[in-house]
Amino acid sequence: MAGVTLSSGIRDALQSIQKATQDAQVAQTRLATGKKVNTAIDNPLNFFTSAGLNDRATDLSNLQDAMGQAVKTIEAASTGIDGMTKLLQTAQGLASSAAATTDTTTRQSLQKQYATILTQVDELMKNSGYGGSNLLNGDKLTVKFDGQTTTATLAVQNGFAGAGCAGTLAALSATNLGLNSASTGTLVWTNGATDTIGDVGIQAAITNIGTAITKLRSEASALGANAAIVKTRQDFTSSMVNTLKQGADALTLADVNEEGANLISLNTRGQLAQTSLSLASQREQAVLRLF
C-alpha cells in the first residue's frame, strides 16, 4: 500500500502541533510536581547533585534525632545529681544534729536515718537512666555529629573514679563518694573506747558529705557543659539541613509562575497550529474542487 503524501503546509502544521503538545506536557508535569528537573534525563548534573544534597540532609536529620535523645540522657543524669545533692544535704543536716547533742539514743536514731538516706542516694542514682544509658551508673554515651567522619563525636560520661577504681568509670554511689565506709565513721559513728559517743565519726561524716556534694556539683557542671555542646550542634545541624535542602531545591524546583505562563503560551500556539492545519487542508480541498 502506497504511503500517504502530505503537503509541506500540512506537515509544518502537524509538526507545530506535536511540538506544542510535547512542550505543554513538560510544563504540566513541572506544574504538577513543582520541579523543573524530575529525572536524570531532564538535567543529569542538577539531578544527581540535588540527590546528593538531599541524602546528606537526610543523614544529618537522623543524627539530629539522636542528638535530641542524647540531650534527654544528659538531662536525666543532671536531674539525678540534683536529687542526690538534696538527699546528701539532708544527711548533712542529720550529722550536724548528731554533733549538736551528746545523747547516745538520739545519735543512734539519727544514724539510722542517715543510713536510710544513703540507701536512697544509691537508688536514685540507679533510676537516673534514659533510653538504656545511665551516666551516673558508669555508662558512656557517644554522640555523633556527622556521619561522614569519626572525629565529629562527643563522649559523655561521668568523670568520677571511686576508691579502688584505678581511674576507670565508676557509679556515683554512696560508697564511691566515700559515704558508706565504716572506717570513716559514716555508718558506725562510735569508734571503740576512744570515741564512745561518736564525736570523731560524726565530724568525719560531715566532712565526707561536704566533699561528696562538691564532687556532685562538679559532675553537674560537666554534664551541663556537655548538654550545651550537644544542643549547639543540634541547632547547627538543623541550620545545615535547611541549607542543604534549599540548595537542592534551587537546582530542581520550577518557577510555577513561569511554567504557568509557558503553558498558556503553548496552548495558544497549539490552537494557532490547528488553525493553520485547517487552512492548509482547505487550500488542498479547493485545488481538488478545480478538478
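Procedures and definitions
Residues numbered from 1 in each chain as written. Predicted model: local features only at pLDDT ≥ 70, side-chain atom pairs only at ≥ 80, totals over all residues. Heavy atoms only, no water. Helix = DSSP H or I, 4+ residues; strand = E, 2+ residues; numbered from the N terminus. Buried < 20%, exposed > 50% of the residue type's maximum accessible area, 1.4 Å probe, protein only. Contact = heavy atoms within 4.5 Å. Areas by Shrake-Rupley, 256 points an atom, 1.4 Å probe, with all protein chains shown as cover. Phe/Tyr/Trp six-rings, centres within 6.5 Å; stacked < 30°, edge-to-face > 60°. Axes fitted to C-alpha atoms, helices over the stretch in contact; angles between N-to-C directions. Parallel < 35°, antiparallel > 145°, perpendicular 65-115°, else oblique. Left-handed = near helix turned anticlockwise from the far one by under 90°.

**Student:** So what exactly am I meant to see when it comes to the overall build of the chain here?
**Tutor:** Helix and strand counts for the chain stand at 5 helices and 2 strands. In sequence order, the secondary structure elements of the chain are arranged as α-α-α-β-β-α-α. When the 291 residues of the chain are sorted by exposure, 33% land in the buried category. Within the chain, residue pairs in contact and separated by at least 24 positions form 68% of the contacts whose partners lie at least 6 positions apart. Carbon and sulfur atoms form 53% of the exposed surface of the chain, whose accessible area is close to 16500 Å².

**Student:** How do you make sense of the packing of aromatic side chains when you look at a structure like this?
**Tutor:** Two descriptors summarise a pair of aromatic rings, namely the distance from one centre to the other and the angle between the planes of the rings. Within this structure, the stated rule accounts for 1 aromatic pair. Judged by centre distance (5.2 Å) and plane angle (85 degrees), the rings of F47 and F48 are edge-to-face. Look at F48 and you get exposed, because its relative accessible area is 54%.

**Student:** Explain the packing of helix α2 (residues 44-99) against helix α4 (residues 199-252) to me, please; I cannot follow it from the model alone.
**Tutor:** Relative placement of two packed helices is described by the angle separating their axes and the distance separating the axes. In the contact formed by α2 and α4, the axes pass within 7 Å of each other and the chain directions differ by 165 degrees. Here α2 lies roughly antiparallel to α4, going by the angle between them. Where α2 crosses over α4, the two elements pack in a sense that is left-handed.

**Student:** So what exactly am I meant to see when it comes to the environment of D82 here?
**Tutor:** Looking at where D82 falls in the secondary structure, it is placed in helix α2. Taking the C-alpha atoms as reference points, D82 and R217, 135 residues apart in sequence, are found 8.5 Å from one another.

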